[in-house]
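A closer look at the structure
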Amino acid sequence: MPPHECVQRKNVDDVTSKCDRVEKEIYVGREGRQPVLVRVDRCERIVNALTYVSTALLISVLIAAGSLLWQALIRSAAGK
């Protein structure tokens, strides 16, 4: 087996500059745009609101279905 040989294919400075650019976009923003963290926070608020609304709708549907079932049981018991 031949001895291991390390070869640098790309310069690390290129990767560092890309990381700095992405970090700036996340925390500071770029070209007059808001940072990504603010946009994610707004999306999170929207998702939370949708979750609350859908949960309320689900609970109301379950209550309505339960009351209809209860009324049907009472009617069938009274009719016997």
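Residues numbered from 1 in each chain as written. Predicted model: local features only at pLDDT ≥ 70, side-chain atom pairs only at ≥ 80, totals over all residues. Heavy atoms only, no water.

To continue, consider the overall build of the protein. The number of helices and strands found in the protein is two helices and zero strands. Taken over C-alpha atoms, the radius of gyration comes to 30 Å for the protein, far larger than the 12 Å a tight globule of 80 residues would show. Oriented by its inertia axes, the alpha-carbon framework of the protein measures out at about 90 × 50 × 10 Å. The proportion of buried residues among the 80 residues of the protein is 4%. Accessible surface computed for the protein: about 7,600 Å², of which carbon and sulfur atoms make up 65%. Charged side chains of the protein number 12 positive and 9 negative; the gap between the two group centres comes to 15 Å. (Helix = DSSP H or I, 4+ residues; strand = E, 2+ residues; numbered from the N terminus. Rg over C-alpha atoms; globule rule 2.2 N^0.38 Å. Buried < 20%, exposed > 50% of the residue type's maximum accessible area, 1.4 Å probe, protein only. Areas by Shrake-Rupley, 256 points an atom, 1.4 Å probe, with all protein chains shown as cover. Lys, Arg positive; Asp, Glu negative; His and termini not counted. Charge placed at Lys NZ, Arg CZ, Asp CG, Glu CD.)

Before going further, it helps to examine helix 1 (residues 12–27). For helix 1, built from 16 residues, the straight-helix expectation of 22 Å at 1.5 Å per residue is met to within 8% by its first-to-last C-alpha distance of 23 Å. A positive phi of about 100° marks Gly29, the residue just after helix 1. (Expected span 1.5 Å × (residues − 1).)

Summed over all chains, the structure comprises one salt bridge. A salt bridge links Asp41 to Arg45; the shortest N-O distance between them is 3.1 Å. One end of the pair, Asp41, and the other, Arg45, are both in helix 2 (residues 36–79), four residues apart, so they sit about a helical turn from each other. For Asp41, a relative accessible area of 31% translates into the label partly exposed. Given the relative accessible area of 56%, Arg45 is considered exposed. (Salt bridge = Lys/Arg side-chain N within 4 Å of Asp/Glu carboxyl O.)

Another point: the side chain of Glu25. The topology assignment puts Glu25 in helix 1. Residues within four places of Glu25 in sequence aside, it is in contact with Arg30, Pro35, Val36 and Arg39. (Contact = heavy atoms within 4.5 Å.)

With that settled, consider the packing of helix 1 against helix 2. The contact between helix 1 and helix 2 brings their axes to 4 Å, and the two run at 45°. What the angle tells us is that helix 1 and helix 2 run oblique. When helix 1 is examined against helix 2, the residues Glu25, Ile26 and Tyr27 are found in contact with a partner set consisting of Val36, Leu37 and Arg39. Looking at side-chain class alone, the contact of helix 1 with helix 2 contains four nonpolar, no polar and two charged residues. (Axes fitted to C-alpha atoms, helices over the stretch in contact; angles between N-to-C directions. Parallel < 35°, antiparallel > 145°, perpendicular 65-115°, else oblique. Nonpolar A, V, L, I, M, F, W, Y, C, P; charged D, E, K, R; others polar.)

We now examine a nonpolar patch on the surface. A cluster of nonpolar side chains, Leu69, Trp70, Leu73 and Ile74, forms an exposed patch at the surface whose accessible area comes to about 460 Å². By secondary structure assignment, the location of Leu73 is in helix 2. Taking the relative accessible area as the measure of exposure, Leu73 reaches 49% and is therefore partly exposed. (Patch = residues over 30% accessible without salt bridge, like charges linked within 9 Å, V, L, I, M, F, W, Y side chains within 5 Å.)

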